[in-house]
Amino acid sequence: MAVAASALKAQQARMRVIAENIANADSTAKTPGGDPYRRQVPVFQTARIDGANGVKLAEVRPDQKDFDLEYDPSNPAADAKGYVKKPNVDGLIEAFDLREAQRAYEANLNVIETARAMEARTLDLLKK
């Protein structure tokens, strides 16, 4: 159960990072020609938990993919040529990542519920 609980915690952190990416998908820089929000990517690593290998969020790294450029000379964030850098966040990718994180979370929740049911059944058998 501890391993599944570590996975729940890791997927919850992943969903928070994805939500931040989605929230900033349409933001622009605060200064002309500046860089906008850069997509964040969660990085996981194994962690020893009760003698087994679990998982934890090791760090959140910025995605180094290039920014998209959009011609909008009226935008306050536009550079001298009139181009505005847009965040390197793709809403479709974020939606897929979010769905995958939700499914992994649900699967680990099912593992915990199944383990609890098995423990309860074992206790019932021992009482007899």
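Right above here is the structure, for reference.
Within every chain, residues take consecutive numbers counted from 1 along the sequence as written. Residues qualify for local features only when their pLDDT is at least 70, as the model is predicted, and side-chain atom pairs are given and counted only at 80 or more; totals for whole chains, interfaces and linings, by contrast, use all residues. Hydrogens and water are ignored here; the side-chain numbers use all heavy atoms of the structure.

**As for the overall build of the protein**
In terms of helices and strands, the protein carries two helices and four strands. Throughout, the radius of gyration refers to the C-alpha atoms, and the reference size of a globule is 2.2 Å times the residue count to the power 0.38. Radius of gyration (C-alpha) of the protein: 21 Å, far over the 14 Å computed for a compact globule of 128 residues. Residue exposure (1.4 Å probe, protein chains only): buried if accessible area is under 20% of the type maximum, exposed if over 50%, otherwise partly exposed. Within the protein, the fraction of its 128 residues that count as buried is 29%. To measure how exposed things are, a 1.4 Å probe is used in the Shrake-Rupley method; for residues, cover is taken only from the protein chains shown. Accessible surface for the protein amounts to roughly 8600 Å². Of this, 53% is attributable to carbon and sulfur atoms. Under the counting rule used here, the positive set is Lys and Arg, the negative set is Asp and Glu, and His together with the chain ends is not counted. Charge coordinates come from a single atom per side chain, which is NZ of Lys, CZ of Arg, CG of Asp or CD of Glu. Positive and negative side-chain charges of the protein, numbering 19 and 19 respectively, have mean locations separated by a distance of 8 Å. Counting from the N terminus, the helices are DSSP H or I runs at least four residues long and the strands are E runs at least two residues long.

**Here's the deal with the pattern of salt bridges**
Any Lys or Arg side-chain nitrogen found within 4 Å of a carboxyl oxygen on Asp or Glu counts as a salt bridge. If you walk through the whole model with that rule in mind, you get six salt bridges. For aspartate 35, the salt bridge identified is with lysine 85, shortest N-O distance 2.7 Å. Of the two residues, aspartate 35 is situated in the loop between helix H1 (2-23) and strand E1 (40-49) and lysine 85 in strand E4 (residues 83-86); the sequence distance between them amounts to 50 residues. For aspartate 35, a relative accessible area of 48% gives the class partly exposed.

**Focus on helix H2 (residues 91-127)**
Between the first and last residue of a helix there are one fewer steps than residues, each counted as 1.5 Å, and that sum is the expected span. In a regular helix each residue adds 1.5 Å, so 37 residues correspond to 54 Å; H2 covers 54 Å between its end C-alpha atoms and thus fits that length. Glu94, Asp97, Ala101, Asn108 and Ile112 are the residues of H2 that are buried. In this description, contact between two residues means that some pair of their heavy atoms is separated by no more than 4.5 Å. Buried positions along H2 lie against H1. We define a polar contact as two N or O atoms separated by no more than 3.5 Å, with the added condition that, inside protein, one atom must be a possible hydrogen donor and the other a possible acceptor, whereas residues neighbouring each other in sequence contribute only through side-chain atom pairs. Structurally, the start of H2 carries an N-cap: the backbone nitrogen of leucine 92 is 3.0 Å from a side-chain oxygen of aspartate 90.

**Things to note about the environment of aspartate 90**
Counting through the fold element by element, aspartate 90 comes out in the loop between E4 and H2. Taking relative accessible area as the criterion, aspartate 90 reaches 35% and is therefore assigned partly exposed. Each C-alpha atom, one on aspartate 90 and one on threonine 31, is 23 Å from the other, the two residues being 59 residues apart in sequence.

**Remarks on a negative patch on the surface**
Excluding any residue in a salt bridge, patches collect residues exceeding 30% relative accessible area, merging like charges within 9 Å and nonpolar Val, Leu, Ile, Met, Phe, Trp and Tyr side chains within 5 Å. Together, Asp66, Asp68, Glu70 and Asp90 give the surface a local cluster of negative charge. Its place among the elements puts aspartate 68 in strand E3 (residues 68-71).

**Brief notes about a nonpolar patch on the surface**
Side chains of Leu69, Tyr71 and Tyr83 sit close together on the surface and give an oily, nonpolar patch of about 350 Å² of accessible area. Here tyrosine 71 is to be found in strand E3.

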